[in-house]
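Structure at a glance
Next come the chains, spelled out residue by residue.
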Amino acid sequence: MRRTSASLVAGALVASLAWASSPSSPAVAQDPSAGVADLAQDINQILSDSRLTIARAGVVVKSAKTGEELYATDAGKLLIPASNTKLFTSAAAAETLGLDYRFPTTVLSAGRKAGSVLAGDLVLRGTGDPTMLAEDYDALAAEVAAAGIKVVTGKLVADDTWFDGQRLGNDWSWGDESAYYAAPISALTASPDRDYDAGSVVVAVAADGDKVKVSTTPETDYLKIVNKATVGAQTNVLIERQHSTRTVVITGTVANPYQEWVAVDDPTAYVSSLFRKSLAKHGVKVLGPTATGAAPEGAKELAKHESMTLGELLVPFMKLSNNIHAEILTKAMGRKVAGQGTWSAGLKVSTDFAKANGVQVINMRDGSGLSRRDGFSPGSIAQLLTAVRGKPWFPTWYESLPIAGNADRFVGGTLRSRMRNTPAANNVHAKTGSLTGVTSLSGYVTSADGEPLIFSIMLNQYLSGSPKDIEDKIAVRLAQFSRATPVDAAAQLRSADDAQAGDLECSWLKPVQC
């Protein structure tokens, strides 16, 4: 089975074709230096914001046509990139795996079939598909039943050996262990929604008379729910999985419906429970216990599901800044190139790709940017953005980047509420990045002259007050840039109704569905 989603296909639009590295005539300017000097002065003014007094700021702006550096400050300094890391992971994946790459999930028989009885084990084998839903495992179970199998005398074996057994990144915070954006990585996983938040379950609460009702998406008894919440005048509830357990404790008060995305402790065990339940639903009884291990040689395929293509997956991955997609793709690259589905093998693929494309200052510790030990320079990010313009997959990749001010979640993504009603709206294609005390924005913008520009903005170690508006001011100023005509006034940041609260990009704030 294959699921394709037309709404997620990132088409090669006219704008993206304009960004491909084809020959073009330079912009005509009466005084080429006047506009550039004016730009530098304005960016310096924007960066003089008091919030950056003790912070570190690195900014690079280049012409995509000529490679000319129009502005640079601390371009070579190593800074924490947060989710700008995904620029490197996604580009390496497009190059290494190809846009047509799909993740297969298969069911195999390891035994002899006699009538409706399979004398042996039933094996569920995964390769990391982050788009698998409970309904997809149910469809696989239906195929097993359709093959005439009603009884399995052996075990249900979950084969997650395509990747290694390391579930969490070396540098990930202990405090994030139950958070959906830091879910464990496994070759067998499941998502609760079509944002494809692999390895998580949606836990919802609602007032039901004088009691609080709890439900999950998908329905599962894998989690142990401890409901201590009460009905109250307002919703002030905490839904949290206890570390290294399957127990979710719910406390506080509930007036209005509320839901939280919670990472499971073991994606393979969770998927096994979903699949076993679906088998029973379709009349297939597995007599043995659930186990993990590799499918034996000679096991025969009974059912198969293939994911959407990588070209399609780039949309939810990059638009919504999905950390789990980044880590799964990292291990998938390691498996393809080195035969090892590990972080170390996959990160070598990403760094080798970056270095082969002229990137100098780079330290990758994971694929998503969740690690605070990831390090890039603004100049290195700009170099990557320059180099990939000549790749055959660039138009699809370019369209997968969040687009400023576009309200559609699968177009604007993490930039959907930023830079609205400015020259940057529906112009800036860029990747956001957020950690506590870290924000970054890197990508592409077309100037007022029609000149394609490349930029990277990295702000680190600020103490309070999100400086994302500083990134926006620079991006808007770049959209106004003209070599011939200086801009008279500071750029308008955004419309009055376009304020965005908080310090984290909206992909980290799942319940608000921003």
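Small disclaimer: the values here were computed from a predicted structure and weren't measured.

**What about helix α4 (residues 134–146)?**
- End to end, α4 covers 18 Å across 13 residues, agreeing with the expected 18 Å (1.5 Å per residue, within 8%).
- Buried residues of α4: D136, Y137, D138, L140, A141 and V144, and no others.
- Positive phi shows up at G148, right after α4, with a value of about 90 degrees.

**Quick look at the sheet that holds strand β13 (residues 258–263)**
- One open sheet accounts for three strands, arranged β8-β7-β13; its pairing is antiparallel. Unpaired on one side and paired on the other, β8 (211–217) and β13 mark the two borders of the sheet. With strand direction ignored, the average angle separating the axes of adjacent strands in the sheet is 25 degrees.
- With six bridges connecting them, strand β7 (residues 200–208) and β13 associate as antiparallel partners. Following the sheet pairing, V201 is matched in β13 by V262.

**Digging into helix α12 (residues 468–480)**
- The end-to-end C-alpha distance of α12, which contains 13 residues, comes to 19 Å, matching closely the 18 Å that a straight helix rising 1.5 Å per residue would cover.
- Buried residues dominate α12, accounting for eleven of its 13 residues.
- Regarding α12, the residues found buried are K468, D469, I470, E471, D472, I474, A475, V476, R477, L478 and A479.

**Let's talk about the sheet that holds strand β2 (residues 69–73)**
- Read from one edge to the other, the open sheet built from five strands follows the order β2-β1-β21-β20-β19, with strand pairing classed as antiparallel. The strands lining the two open edges of the sheet, one partner per strand, are β2 and β19 (429–435). The sheet shows a mean angle of 5 degrees between the axes of neighbouring strands, direction not considered.
- Of the strand pairs in this sheet, β19 and strand β20 (residues 438–446) are connected by seven bridges, and their pairing is antiparallel. By the bridge assignment for β20, A430 is matched with G443.

**Structural notes on the packing of aromatic side chains**
- Overall, the coordinates contain eleven aromatic pairs when judged by the stated rule.
- Summarising the aromatic geometry, the rings of F394 and Y444 are spaced 5.7 Å apart at their centres and angled 80 degrees between planes, so their arrangement reads as edge-to-face. Within this pair, whereas F394 is found in helix α10 (residues 394–400), its partner Y444 is found in strand β20, the two being separated by 50 residues in sequence.
- Of the residues examined, Y444 reaches a relative accessible area of 0% and is grouped as buried.
- Among the aromatic residues, ring-to-ring pairing joins F353, W393, F394, W397, Y398 and Y444 into one connected group.
- The ring of F410 is capped by R409, whose NZ or CZ atom sits 5.7 Å from the centre of that ring.

**Some points on the pattern of salt bridges**
- With the rule as written, the count across this model stands at 22 salt bridges.
- Across the pair K331 and D164 runs a salt bridge whose closest N-O atoms are separated by 2.6 Å. Pair noted here: K331 is in helix α7 (residues 323–338) and D164 is in the loop between β6 (156–159) and β7, with a separation of 167 residues, a long-range link.
- D164 gets classed as partly exposed once you look at its relative accessible area, which sits at 24%.

**Here's the deal with the side chain of S178**
- Looking at the element boundaries, S178 is found in the loop between β6 and β7.
- Those residues in contact with S178 that lie beyond four places of it in its chain are E240, R241, V262 and A263.

**Let's talk about the environment of G175**
- The residue G175 is located in the loop between β6 and β7 in this model.
- On a C-alpha basis, the gap between G175 and H243 in space is 8.7 Å, while along the polypeptide they are 68 residues apart.

**What about the packing of α7 against helix α8 (residues 343–356)?**
- The interhelical angle for the contact between α7 and α8, taken along N-to-C directions, is 85 degrees, at an axis separation of 7 Å. Between α7 and α8, the interaxial angle falls into the category roughly perpendicular. For the pair α7 and α8, contact is made by E327, T330, K331, M333, G334, V337 and A338 and by W343, A345, G346, L347, V349 and S350, respectively.
- Looking at the contact of α7 with α8 residue by residue, the class counts come to seven nonpolar, four polar and two charged.

**Considerations on the environment of F410**
- Assignment of secondary structure puts F410 in helix α11 (residues 409–412).
- Relative accessible area serves as the criterion here: at 23%, F410 is assigned to the partly exposed category.
- Sequence separation between F410 and L320 is 90 residues, and the spatial gap between their C-alpha atoms is 7.7 Å.

**Side note on the nonpolar core**
- Core analysis: the biggest nonpolar cluster contains 62 residues, and L87, F88, L97, L310, V388, W397 and Y444 have the highest contact counts within it.
- Among the elements of the structure, α3 (85–96), β13, α6 (310–319), α7, α8, α9 (378–387), α10 and β21 (452–460) are those that each provide at least two residues to this core.
- Formed by 37 residues, the second largest nonpolar core is a distinct cluster that contains L156, V201, V212 and Y270.

**What to know about the environment of F317**
- Note that F317 resides in helix α6.
- Here F317 falls in the buried class, since its relative accessible area comes to 0%.
- Considered as a pair, F317 and D197 are 120 residues apart in the sequence and their alpha carbons are 9.6 Å apart.
- Those residues in contact with F317, other than ones at most four positions away along the chain, are K86, S90, N322, H325, A326 and L329.

**Quick word on the pairing of strand β12 (residues 247–254)**
- Strand direction decides the pairing type here: strand β9 (residues 224–227) and β12, joined by four bridges, are parallel. When the bridges of β12 are listed, V226 appears paired with V249.
- As paired elements, strand β10 (residues 230–231) and β12 share two bridges and run parallel to each other. Looking at β12, one finds that V231 is bridged to V254.
- Here six bridges tie strand β11 (residues 236–241) to β12, and the two strands are oriented antiparallel to one another. Across the sheet, R241 pairs through a bridge with V248, a residue of β12.
- Hairpin remark: β11 followed by β12, antiparallel, with five residues in the connecting loop; positive phi at S244, about 60 degrees.

**With respect to the confidence of the model for the protein chain**
- The predicted model of the protein chain has a mean per-residue pLDDT of 90, with 88% of residues at 70 or higher.
- Considering only residues more than four positions removed or in separate chains, one finds that residues 1–18, a stretch of pLDDT under 50, has 45 contacts.
- Taken together, the stretch residues 489–503 has pLDDT below 50 and engages in 38 contacts with residues farther than four places along the chain or on a different chain.

Reading the values: the criteria
- Numbers given to residues run from 1 along each chain, matching the order in which its sequence is written.
- With the structure being a predicted model, the display of local features is reserved for residues of pLDDT at least 70 and the display and counting of side-chain atom pairs for 80 or more, all residues being used for whole-chain, interface and lining totals.
- To get the side-chain values, all heavy atoms of the structure are used, and hydrogens and water are removed first.
- Under the scheme used here, helices are H or I runs from DSSP no shorter than 4 residues and strands are E runs no shorter than 2 residues, and both carry numbers assigned from the N terminus.
- The length a helix should cover is 1.5 Å for every residue beyond the first.
- With a 1.4 Å probe rolled over the protein chains alone, any residue whose accessible area is under 20% of its type maximum counts as buried; one over 50% counts as exposed, and the rest are partly exposed.
- In short, DSSP must find at least two bridges between two strands for them to pair.
- To get an axis, a line is fitted to the C-alpha atoms, and for a helix only the part in contact is used. The angle between two axes follows their N-to-C directions and goes from 0 to 180 degrees.
- Each aromatic pair joins two rings of Phe, Tyr and Trp (for Trp, the six-membered one) with centres within 6.5 Å, and gets the label stacked for planes under 30 degrees apart, edge-to-face for over 60, and tilted for any other angle.
- The rule for a charge over a ring is simple: NZ of Lys or CZ of Arg within 6 Å of the ring centre, and within 35 degrees of the ring normal.
- Each reported salt bridge corresponds to a side-chain nitrogen of Lys or Arg within 4 Å of a carboxyl oxygen of Asp or Glu.
- The criterion used for residue contact is that any of the two residues' heavy atoms lie within 4.5 Å.
- Oblique is the label for any angle not covered by the other classes, which are roughly parallel (under 35 degrees), roughly antiparallel (over 145) and roughly perpendicular (65 to 115).
- Residues are grouped as follows: Ala, Val, Leu, Ile, Met, Phe, Trp, Tyr, Cys and Pro are nonpolar; Asp, Glu, Lys and Arg are charged; every other residue, Gly included, is polar.
- Side-chain atoms within 4.5 Å link the members of a nonpolar core, which is a set of buried Ala, Val, Leu, Ile, Met, Phe, Trp, Tyr and Cys residues.
- For every residue, the predictor reports its confidence as pLDDT, a number between 0 and 100.

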